[in-house]
Amino acid sequence: MNEHDSERIGGLLMADGMTPTESVEDARIVVLNTCAIRENADNRLYGNLGHLKPLKARNPDLRIVVAGCLAQKDQGEIQRRAPWVDVVIGTHALPNLLDLLRLAEEEGPVMDVREYTEIFPSALPAARTDAFRAWVSIAVGCDNACTFCIVPFVRGAQRSRPIGDILAEIQGLVRAGVVEVTLLGQNVNTYGRDLTVPGSSRRPRFAQLLREVNEVDGLRRIRFTSPHPHDFTPDVIDAMASSEAVCEHIHFPLQSGSDRVLKAMQRSYRRERYLDWLTRIREAIPGIAVSTDIIVGFPGETAEDFADTLEVVERARFDGAYTFQYSPRPGTRAASMDEQLPKEVVQERFERLVALQSAITAAANRAQVGRTFEVLVEGGGKRRGSTQARTRTNRIVHLRQELPPGTFVEARITDAGVHHLIGETVSTPATVAV
Ligand code: SF4
């Protein structure tokens with residue numbers, strides 16, 4: 001969501017005649033778009049602002065903007081600690097960026113941290129790094145209250161975007177050369193709960209949205225993130241299975257394999273229910289890849305709780321996992337819970353989890369060797385003359401050949417590591433999107 005907002009900030013400034021610079025010394029406007037999910041986000045923000053202070057002293061025309069979740073959370077604190085900041089703009093106020101910059105020119109430092117999104121950032125111009133794929137916001141905010149998470153405090157309650165607006169944006173993107181979209185929401189499964197269908201008491205549902213996006217001519221790949229296991233519904237599996245463009249990959253956050261910890265996290269599903277969903281998803285969509293998020297060392301997590309997580313990881317056979325060591329986010333309920341675990345305990349558990357998951361991921365990747373997949377070229381690989389591409393199952397494939405980004409090719413997998421596959425093309429580029 002933060003990257004999506006950065007694209008819109010860039011788009012707004014470029015629509016106003018700005019061009020990006022390589023170096024901060026050459027900049028007329030510097031925007032720090034912050035993400036409060038990351039550890040130490042505030043230390044890094046104030047560190048960066050400290051570096052900008054002498055620059056501002058040398059060049060009073062420089063405008064410094066702090067945007068994003070920390071701006072929403074810290075509000076007036078930012079200009080108190082760094083009075084050389086010109087604009088503080090919260091997550092709901094992005095459309096006002098240019099007006100705020102002009103106001104700051106005339107009147108000095110300004111702040112807009114309104115509590116409600118009036119215009120979805122998706123309606124703003126975007127400066128996208130890729131011309132062939134795009135983020136599309138379907139809802140902002142979240143109505144859950146996971147005890148470790150800062151999102152509800154900085155993004156507010158869920159607000160869904162009408163299906164017509166989403167489809168219009170995607171149709172425009174496809175006309176501009178986009179072949180892959182990722183639908184974005186904090187909890188895509190509750191999409192539409194806050195909307196009504198005109199002339200009916202029904203509400204649009206995520207499964208319906210998937211089917212309608214699938215009908216957009218020329219769109220080859222649909223991804224989405226993230227579904228919440230508690231709100232997951234069978235109609236989403238049906239829509240995924242029957243919609244050709246929906247990729248065979250799901251990111252399905254587990255967070256913990258211990259029912260006791262899930263309860264303390266206020267994640268309202270339990271491990272067996274989670275595993276049951278996985279079985280149903282895999283039965284309906286053969287070959288689907290599943291990735292997840294897991295937090296290690298949540299306050300009060302015992303050795304038995306952690307063993308439960310390892311057991312679920314063994315049983316679930318995730319194709320990949322984002323693993324995190326728990327660290328408190330000030331303002332969340334978990335941050336003030338007793339029984340915060342010592343760093344060395346969390347570290348030791350984390351290493352065991354990473355070792356287990358890496359072995360499972362490596363085995364899943366080795367099982368792809370010898371198979372052929374359609375891959376979408378993303379750009380140059382790390383080595384000269386190589387290319388990075390991606391399967392529909394979200395696996396990265398390195399090809400020893402230069403190909404234009406946005407190209408679809410068939411690739412046969414020749415080797416596999418933990419983080420990527422190696423492949424060779426077995427077809428000529430099929431579709432050049434850009
Ligand atoms: S569902 Fe996701 S965004 Fe919402 S509170 Fe929980 S972790 Fe945060």
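Below, the structure is looked at part by part. (Residues numbered from 1 in each chain as written. Predicted model: local features only at pLDDT ≥ 70, side-chain atom pairs only at ≥ 80, totals over all residues. Heavy atoms only, no water.)

Thoughts on unusual backbone geometry
A cis amide bond links T225 to the next residue, S226, at an omega of -5°. Looking at the secondary structure, you find S226 in the loop between β9 (221–225) and α9 (234–242). In the Ramachandran plot, Q75 falls in the positive-phi region, its phi being about 45° despite a non-glycine side chain. Its location among the elements puts Q75 in the loop between α3 (69–74) and α4 (76–81). Non-glycine residue Q266 carries a positive phi angle of around 60°. Among the structural elements, Q266 can be located in the loop between α10 (259–264) and α11 (271–284). We classify Q266 as partly exposed; its relative accessible area is 36%. (Helix = DSSP H or I, 4+ residues; strand = E, 2+ residues; numbered from the N terminus. Buried < 20%, exposed > 50% of the residue type's maximum accessible area, 1.4 Å probe, protein only.)

Observations regarding the site of the ligand
Looking at the ligand, the residues that line it are C142, N144, C146, F148, C149, V151, P152, Q186, H228 and R267. Among the residues forming the shell around the ligand, the class breakdown is six nonpolar, three polar and one charged. (Near = heavy atom within 4 Å. Nonpolar A, V, L, I, M, F, W, Y, C, P; charged D, E, K, R; others polar.)

Overview of the environment of E402
The residue E402 is located in the loop between β15 (396–399) and β16 (408–416) in this model. Judged by its relative accessible area of 64%, E402 is exposed. When sequence neighbours within four positions are dropped, the list of residues in contact with E402 reads G385, S386 and T387. (Contact = heavy atoms within 4.5 Å.)

Here's the deal with the pairing of β16
Here five bridges tie strand β13 (residues 372–380) to β16, and the two strands are oriented antiparallel to one another. If you follow V375 over to β16, its bridge partner there is V409. The sheet contact formed by β16 and strand β17 (residues 421–425) spans five bridges and is antiparallel. Its bridge partner lying in β17, A416 is registered against L421. Here β16 hands over to β17 after four residues, the two strands then running antiparallel side by side. (Pairing = 2+ DSSP bridges.)

Remarks on helix α12 (residues 303–316)
At 3.6 residues per turn, the α-helix brings residues three or four places apart onto the same side. With 14 residues, α12 extends 20 Å between its outermost C-alpha atoms, agreeing within 8% with the 20 Å of an ideal straight helix rising 1.5 Å per residue. By the burial criterion, the buried members of α12 are D305, F306, T309, L310, V312, V313 and A316. The arc that holds every buried residue of α12, seen down its axis, measures 160°, which confines them to one face. Packing partners of the buried residues in α12 comprise α10, α11, β11 (289–296) and α13 (343–366). Once α12 ends, the next one or two residues include R317, with phi positive near 50°. (Expected span 1.5 Å × (residues − 1). Arc of directions from axis to C-beta.)

Re the side chain of R8
You can see R8 is positioned in helix α1 (residues 2–15). Relative accessible area serves as the criterion here: at 3%, R8 is assigned to the buried category.

Quick look at the packing of α1 against helix α5 (residues 97–107)
Pairs of packed helices are described in terms of their axes, by the angle between the two and the distance that separates them. Across the interface, α1 lies against α5 with an axial gap of 10 Å and an inter-helix angle of 60°. Looking at the two axes, α1 sits oblique to α5. Contacts from I9, L12 and L13 in α1 reach L97, L98 and L101 in α5. Of the residues that constitute the contact of α1 with α5, the class distribution is six nonpolar, no polar and no charged. (Axes fitted to C-alpha atoms, helices over the stretch in contact; angles between N-to-C directions. Parallel < 35°, antiparallel > 145°, perpendicular 65-115°, else oblique.)

The values reported here are purely geometric and, on their own, carry no functional implication.
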